[in-house]
Structures are given as structure tokens and as C-alpha cells.
Amino acid sequence: MMLDYLPQILFIIALGGAILFFAKNVSSIRRNINLGRDVDRKDHKNLRFKKMMRVALGQSKMVTRPIAGILHIIVYVGFVIINIEVLEIIIDGVAGTHRIFGFLGPVYDFLIGSFEILAFLVLVSVIIFWLRRNVMNIKRFLSRELKGWPKNDANYILYFEVVLMVLFLTMNAADYQLQLSGAPHYFNEAGIMGSFPISQFLLPIIDGMSVESLIILERTAWWLHIIGILIFLNYLYYSKHLHILLAFPNVYFSNLESLGKFKNLDAVTNEVKLMMDPNADPFAEPEGDEEEVPEKFGASDVQDLNWFQLLSAYTCTECGRCTSECPANQTGKKLSPRKIMMDTRDRLEEVGKELDKGNEISSDKQLLDDYISREELWACTTCNACVDACPIGIDPLSIIMDMRQYLVMEQSAAPAELNNAMSNIENNAAPWPYNQQDRLDWAKEEA
Ligand code: SF4
Ligand code: SF4
């Protein structure tokens, strides 16, 4: 009796284990993101929602590069929609039923038929993606930062998708054949459940197999398919493919301000205003409440960044669209905005592992210098091309600016040319080394 329920028991154990492991990973990511400083992104809820629907769900920025964009949309739509079938697989697995949604009749036939066509398109797209990454010399896939794990990670997921789609089609082909053979548990008096526009072409391969062998084939493909999906779910934590989930909150919470608008520190802004106002009394008490001066200016490590920047580090797809638009990178500088995001995530994960062990965040290492060099930071022209190019609302420039702010305000470690310009602004209210009184001398000379 117990043996009759063994498959369902095993399925519930596998499903429960995968969900628990996933929940543990989600809570680690939440904890790590919450290490960041606070930033208010609760405003303009409607605007944010619309942006999320357009950019994350509608993938509106993907098609600026049409080939990669359209292929990505096929894989994305295929993957999301095909996984609606996972719901049926889960219910069948727990209840021991066969195609529980089959009662939907023509609607079910349409759904299964469209899943199969999408699965085929996903297979074709994934093969083209693999060729683009591994055979064609596309510059943004050849950068230094993609060597090793990032390249393997991208390939693993492509292999994964091929395996999942092949299992899905094999499972359907065997199921179809079993329904046609009138095998118990598969046969339905109302007729064939589902339509199989792609997997029907596999029937000649399995033609002649006994019902027992077909059941073994169908069950094996069914089990491997669902186990593969559960593994995929938990692999996300270690992979750039976290963007499948995090692109939505990342776009929702992304910056709504104009791209060129920089975040100013109130304490510094007030001081500069005072300095620039010829009528201001330099000895006057500050108005209102005492100014809030931050404990530390800028960022030298991940916990100095804000939570949105840390969320973005986990969300980055490593697509390199930002780097390929970056003028500093194009002119051979060391800077790559994609690497800025990858380094931030690597450091954040390192910090997370320390916390997992119950340790304090070690100051032996930090984001600045150990991951991101000063040369990279000062190579940035602050043009915002990377921010504009990112298809999921990531702002690598904000991290660069926060780290520069730390160098300037905490370490006085700006390049000499900048230090000169800043001293001049402080002393002469202009970047040039001339006294304010001499500013109009050129006009006298002209006269
Ligand atoms: S803002 Fe900086 S990192 Fe971004 S594209 Fe421009 S130069 Fe490159
Ligand atoms: S920051 Fe955006 S554009 Fe750059 S690699 Fe990451 S996802 Fe792609």
C-alpha cells in the first residue's frame, strides 16, 4: 500500500527540499542587500509600476540590439510560459494524477501545442546564443571580466535549457504514444489530451517500443524535467541568472531622476552656497536644525553603498551592453561598468559568507583597491552611457561616484589635476588659478 504512494512521497520530499533551500538562499540575498544604506525609492508607485511593466516584463530596452533582443524575448517568454506547465506537473506529482488540466479540452490542447512550439523556438535561440558566445568573436563576450566562472555560468545555463526542452519534448512524445496505445493511467475516454505539434515528429523514433518501455521513458523524462527545474531554481543563487527574478524589483526601484542629475550632500551643498554668496556672513550660525553630517562620505566597501546598488549587483545579467557603450572602455581604459557591478556582487558575496560563519565584516579586504582600482574609477567620464544602455535599470555610475566621493572627501586622494581644480573652486570660486578680482582683466586688455 505504502509502495503505491512512493512516487508521490518522493516527489513531495524533492519539492519540499528544493523550496526550503531556495527560501534559505533568498533570505541570504535579502540579508546581504539590507547591509546597504537606506535610500528612499517608495515614491511614484504608479510610475514605477508602469516602468517595470514596460522595461522588465515588456523587455522594451532589449530590442535596441535586435538580434540578441528578439532571441532573448523568445527564450524569456518560452521559459516563463512553458513553466506554467510546471504547475500541472507539481499537481500531478503530488496527487498522482495524469494531466490534471486535461479537462480544459481545446484550451488545454492550445496551451500544450503552444508550449511545444515555444520549446522548439527556445532550442533554436539557445543554440544561436551558444554560437554567439563561443564561436563568433563578439567583443562584449571576450572581455577579461568574463573569463572563468562568468563564461562557464553563461554556458551552463544554455546547456541546462537545451536539456530541459529536450526532456519536455521527449516526455510529451512518450505520453502521446501511451495515450494512443490506450495504456492505463494515460488513456482518457474523452480522447487525446493535449496537442503535440513538435513532439509528434519524435514518434517514429519510439515507434515499436513496448508500453512498459514507454512508461519508463515518459516517467524518466518527467522526473528529470521536474528535478532539473528544481535544480535550476536553486542554481540561480550562484548565477547571473538571478536577473530572471530580480530584474522586476530592480526596474521598479530604479532611479526616476534625469540621468545627469547627481545626488548632492546637503552639508556640502550648504557650505558651497555659503561660499558662493557674496552677502553671506561666514560666521553666522547655520539656520534650522543642526546639519546632519554623514559618518563617512562616499563608499569604500559594499556596506557604504545603498541597498538598491546592492540589489543591482545581484541583478546584473553581465550582458556587457554598458561596457560596449562606455567611451572609457572603447578608448582602451581599464574601466568596464559591467566589471564594477560584478566586483560589487563578488565582494558582497564574500561579506555574506563571513556573516554566514558568524564573523564580523572583515576590514582586511574592501571593495576599493581589492576589487575596483582607483585607475578604473578615475577613468569614468560620468557620461551616463552605461546607465542608458542597461536593459534593467542598473546604474554603475552611481557606484563609481560614491567611491570617488570617498576618495576625495575621506582620503583627499583625487588625481592632481582634479585637486588643483577643486582648490581653485574653493579659493577663487572658479576652476582657474586666478583671483576673483582679476577675473575681468582680459576685458581690460581687449579694450
Ligand atoms: S558613465 Fe563612466 S562607466 Fe558609464 S559609460 Fe560613461 S564613462 Fe563609462
Ligand atoms: S549593468 Fe546592465 S548593461 Fe551592464 S552588464 Fe549588467 S545588466 Fe548588462
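A. Inspection of the overall build of the protein at higher detail. Each helix and strand in the protein was counted, giving 20 helices and zero strands. The C-alpha radius of gyration computed for the protein amounts to 29 Å, which surpasses the reference 22 Å derived for 447 residues by more than 25%, pointing to a less compact arrangement than a globule. Projected onto the principal axes, the alpha-carbon positions of the protein cover approximately 100 × 50 × 40 Å. Taken across its 447 residues, the protein has 30% of its residues classed as buried. Sequence-distant contacts, at least 24 apart, represent 79% of the contacts inside the protein between residues at least 6 apart.

B. Structural detail: the site of ligand 2. If you check the shell around ligand 2, you find 15 residues, and the closest are Cys 316, Cys 319, Cys 322, Arg 338 and Cys 390. Those elements that place two or more of their residues in the shell around ligand 2 are helix 12 (321-325) and helix 14 (337-356).

C. Just the site of ligand 1, in detail. Taken together, 15 residues are adjacent to ligand 1, and Cys 326, Cys 380, Cys 383, Ala 385 and Cys 386 come closest. Counting residues per element, the ones that place at least two in the shell around ligand 1 are helix 13 (327-330), helix 17 (385-389) and helix 18 (396-409). Its residues assigned to classes, the shell around ligand 1 shows eleven nonpolar, three polar and one charged.

D. Representation of the packing of helix 9 (residues 243-252) against helix 11 (residues 307-315). One way to put it is that helix 9 packs onto helix 11 with a least axis distance of 9 Å and a crossing angle of 150°. The pairing of helix 9 with helix 11 is recorded here as roughly antiparallel in orientation. In terms of crossing hand, the pair formed by helix 9 and helix 11 is left-handed. The segment helix 9 lies against helix 11, with His 243, Leu 246, Ala 247, Pro 249 and Asn 250 engaging Leu 311, Ser 312, Tyr 314 and Thr 315. Among the residues forming the contact of helix 9 with helix 11, the class breakdown is five nonpolar, four polar and no charged.

E. Highlighting the nonpolar core. One finds Leu 310, Ile 372, Cys 386, Cys 390, Ile 392, Ile 400 and Met 403 to be the most contacted residues of the largest nonpolar core, which totals 45 residues. For this core, the secondary structure elements donating two or more residues are helix 1 (6-33), helix 2 (45-57), helix 9, helix 11, helix 14, helix 15 (367-370), helix 17 and helix 18. The element contributing the most residues to this core is helix 18, with six residues. Structurally, this core is a two-domain feature, drawing no fewer than three residues from each of domain 1 (2-33 + 65-250) and domain 2 (266-435). Ignoring any residue separated from it by four or fewer positions in sequence, one finds Cys 390 in contact with Arg 321 and Cys 322. Formed by 29 residues, the second largest nonpolar core is a distinct cluster that contains Ala 174, Tyr 176, Leu 178 and Ile 229.

F. Just unusual backbone geometry, in detail. Phi at His 44 takes a positive value of approximately 45°, unusual for a residue other than glycine. In this fold, His 44 is placed in the loop between helix 1 and helix 2. When the 11 C-beta atoms within 10 Å are taken as the criterion, His 44 is described as exposed. For Ser 412, which is not a glycine, the phi torsion comes out positive at approximately 45°.

G. The arrangement of the domain arrangement of the protein in detail. Partitioning the protein into domains gives domain 1 (2-33 + 65-250) and domain 2 (266-435). Inter-centroid distance (C-alpha atoms) of domain 1 to domain 2 is 42 Å. With 17 residues of domain 1 at the contact, the number on the domain 2 side is 22 residues. At the level of elements, helix 1 and helix 9 are the ones that each hand at least two residues to the side of domain 1 that touches domain 2. At five residues, helix 9 tops the list of elements feeding residues into the side of domain 1 that touches domain 2. For the side of domain 1 that touches domain 2, a count of residues per class yields eight nonpolar, five polar and four charged.

H. The packing of helix 1 against helix 4 (residues 84-95), seen in detail. As a packed pair, helix 1 and helix 4 sit with axes 7 Å apart at the nearest point and diverge in direction by 130°. In terms of their interaxial angle, helix 1 and helix 4 are classed as oblique. In this structure, helix 1 uses Gln 8, Phe 11, Ile 12 and Leu 15 to contact helix 4, whose residues at the interface are Ile 90, Gly 93 and Val 94. Its residues assigned to classes, the contact of helix 1 with helix 4 comprises five nonpolar, two polar and no charged.

I. View of helix 6 (residues 149-181). Here helix 6 contains 33 residues, and its C-alpha end-to-end distance of 47 Å stays within 8% of the 48 Å for a straight helix at 1.5 Å per residue. Looking one or two residues beyond helix 6, the residue adopting positive phi is Gly 182, at roughly 70°.

Conventions we followed
- Residues numbered from 1 in each chain as written.
- Chains lettered and ligands numbered in written order.
- Predicted model: local features only at pLDDT ≥ 70, side-chain atom pairs only at ≥ 80, totals over all residues.
- Helix = DSSP H or I, 4+ residues; strand = E, 2+ residues; numbered from the N terminus.
- Rg over C-alpha atoms; globule rule 2.2 N^0.38 Å.
- Buried ≥ 20, exposed ≤ 12 C-beta atoms within 10 Å, placed from the backbone.
- Contact = placed C-beta atoms within 7 Å.
- Near = placed C-beta within 6 Å.
- Nonpolar A, V, L, I, M, F, W, Y, C, P; charged D, E, K, R; others polar.
- Axes fitted to C-alpha atoms, helices over the stretch in contact; angles between N-to-C directions.
- Parallel < 35°, antiparallel > 145°, perpendicular 65-115°, else oblique.
- Left-handed = near helix turned anticlockwise from the far one by under 90°.
- Core = buried A, V, L, I, M, F, W, Y, C linked by C-beta atoms within 7 Å.
- Domains from an automatic or database assignment.
- Expected span 1.5 Å × (residues − 1).

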